[in-house]
Amino acid sequence: GNSVTQMEGPVTLSEEAFLTINCTYTATGYPSLFWYVQYPGEGLQLLLKATKADDKGSNKGFEATYRKETTSFHLEKGSVQVSDSAVYFCALSDSQGGSEKLVFGKGMKLTVNP
Amino acid sequence: GAVVSQHPSWVICKSGTSVKIECRSLDFQATTMFWYRQFPKQSLMLMATSNEGSKATYEQGVEKDKFLINHASLTLSTLTVTSAHPEDSSFYICSASSLSVGYTFGSGTRLTVV
């Protein structure tokens, strides 16, 4: 079945540092890939997504590229801010919505210090 | 954008009582709703998948008689934790999904059973 493996952390960075969170997946078909962010005490918010190979998702300075050859969808940000402190989840689905379930990685907690 | 309202955001109940959590899609019709439980260290566990008007599909290991899911309409699903015990204390998150909107998450419910 489908699965997602991501860095688990926790990770602590200083403000303006470069961030990479690795995510690799296993899937039988051509899944859609997602990054979700969870701020303390809240639900999950979609950060970005990509639906086909070589697509790049981007939002709020974060980027991730759908790499089918390496089955990866690594999240990057060039300069993190204190407000980026949160838990980040990589996920995949066989569709962009509907009845197909999302499969999540275990999440990675990021703390950014001033 | 798509909004999912989840209530209550937190609840404290006595051991042996039942608690109902509501999940509403406010501005779209959800083909499917998903219920997750989040454990310490952020791991997300899919509990069940429900489609409007049909019985929920529970993941392996989830007690369907304990976690009752009702999906009465395309905009409302409820999770009832019956005869709650302290080990049921957790953070519960719903997600509403459609092909046009994708996956949208509620803000979560913190359940504490005393």
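The following paragraphs examine the structure supplied in this document. (Residues numbered from 1 in each chain as written. Chains lettered and ligands numbered in written order. Predicted model: local features only at pLDDT ≥ 70, side-chain atom pairs only at ≥ 80, totals over all residues. Heavy atoms only, no water.)

**Comments concerning the overall build of chain A**
Next, step 1: From N to C terminus, chain A includes zero helices and 12 strands.
Next, step 2: In chain A, the succession of helices and strands from N to C terminus is β-β-β-β-β-β-β-β-β-β-β-β.
Next, step 3: Its C-alpha radius of gyration of 13 Å places chain A within 12% of the 13 Å reference for a compact globule of 114 residues.
Next, step 4: Its C-alpha atoms give chain A principal-axis dimensions of roughly 40 × 30 × 20 Å.
Next, step 5: Counting over 114 residues, chain A shows a buried share of 45%. (Helix = DSSP H or I, 4+ residues; strand = E, 2+ residues; numbered from the N terminus. Rg over C-alpha atoms; globule rule 2.2 N^0.38 Å. Buried < 20%, exposed > 50% of the residue type's maximum accessible area, 1.4 Å probe, protein only.)

**Let's talk about unusual backbone geometry**
Next, step 1: The step from glycine 9 of chain A to proline 10 of chain A runs through a cis peptide bond, and the omega angle for that step is 5 degrees.
Next, step 2: For the bond running from histidine 7 of chain B to proline 8 of chain B, omega is -5 degrees, close enough to zero to count as cis.
Next, step 3: In this fold, proline 8 of chain B is placed in the loop between strand 1 (4-7) and strand 2 (10-13).
Next, step 4: Non-glycine residue serine 83 of chain B carries a positive phi angle of around 45 degrees.
Next, step 5: The topology assignment puts serine 83 of chain B in the loop between strand 8 (76-81) and strand 9 (90-98).
Next, step 6: Judged by relative accessible area, which is 33%, serine 83 of chain B ranks as partly exposed.

**Quick notes on the side chain of glutamine 6 of chain A**
Next, step 1: Structurally, the position occupied by glutamine 6 of chain A is in strand 1 (residues 3-6).
Next, step 2: Apart from residues lying up to four places away in sequence, glutamine 6 of chain A is in contact with Ile21, Asn22, Cys23, Trp35, Tyr88, Phe89, Cys90, Gly105, Lys106, Gly107 and Met108 of chain A. (Contact = heavy atoms within 4.5 Å.)

**With respect to the interface of chain A and chain B**
Next, step 1: With 24 residues of chain A in contact, the opposing surface of chain B contributes 22 residues.
Next, step 2: When the two sides are added together, the surface that chain A and chain B hide from each other amounts to roughly 1,600 Å², 59% of it contributed by carbon and sulfur.
Next, step 3: When the buried area of chain A at its contact with chain B is split by residue, Leu44, Gly98 and Lys101 of chain A rank highest and sum to 28% of it.
Next, step 4: Between the two partners, chain A and chain B, sit one salt bridge.
Next, step 5: Residue glutamate 59 of chain B is joined to lysine 101 of chain A by a salt bridge in which the shortest nitrogen-to-oxygen separation is 3.4 Å.
Next, step 6: In this structure, the connection of chain A to chain B is made through five residue pairs in polar contact (both at pLDDT 80 or more).
Next, step 7: When residues of the side of chain A that touches chain B are traced back to their parent elements, those giving at least two are strand 5 (32-38), strand 10 (86-93) and strand 12 (108-113) of chain A.
Next, step 8: Among the residues forming the side of chain A that touches chain B, the class breakdown is eight nonpolar, 10 polar and six charged. (Buried area = accessible area lost by both parts, 1.4 Å probe. Salt bridge = Lys/Arg side-chain N within 4 Å of Asp/Glu carboxyl O. Polar contact = N/O pair within 3.5 Å; in protein donor to acceptor, adjacent residues only side chain to side chain. Nonpolar A, V, L, I, M, F, W, Y, C, P; charged D, E, K, R; others polar.)

**So, the state of the cysteines**
All names here are of chain A.
Next, step 1: The final tally for this structure, using the stated rule, is two disulfides over all chains.
Next, step 2: With a sulfur-sulfur separation of 1.9 Å, cysteine 23 is cross-linked through a disulfide to cysteine 90. What sets the handedness of the cysteine 23 and cysteine 90 disulfide is the S-S torsion sign, and at about -70 degrees it is left-handed. Highlighted residues: cysteine 23 in strand 4 (residues 23-26) and cysteine 90 in strand 10, separated in sequence by 67 residues.
Next, step 3: Residue classification places cysteine 90 among the buried residues on the basis of a relative accessible area of 1%. (Disulfide = S-S within 2.5 Å.)

**A few points about the nonpolar core**
Next, step 1: Residues Trp35, Leu47, Leu48, Phe73, Leu75 and Tyr88 of chain A are the most contacted members of the largest nonpolar core, which totals 27 residues.
Next, step 2: The greatest single-element share of this core, amounting to four residues, is contributed by strand 10 of chain A.
Next, step 3: Contacts of leucine 47 of chain A, omitting those with residues within four sequence positions, involve Trp35, Tyr36, Val37, Asn59, Lys60, Phe62, Leu75 and Tyr88 of chain A.
Next, step 4: Counting 24 residues, the second-largest nonpolar core is a separate cluster that includes Val4, Ala56, Ile69 and Cys94 of chain B. (Core = buried A, V, L, I, M, F, W, Y, C linked by side-chain atoms within 4.5 Å.)

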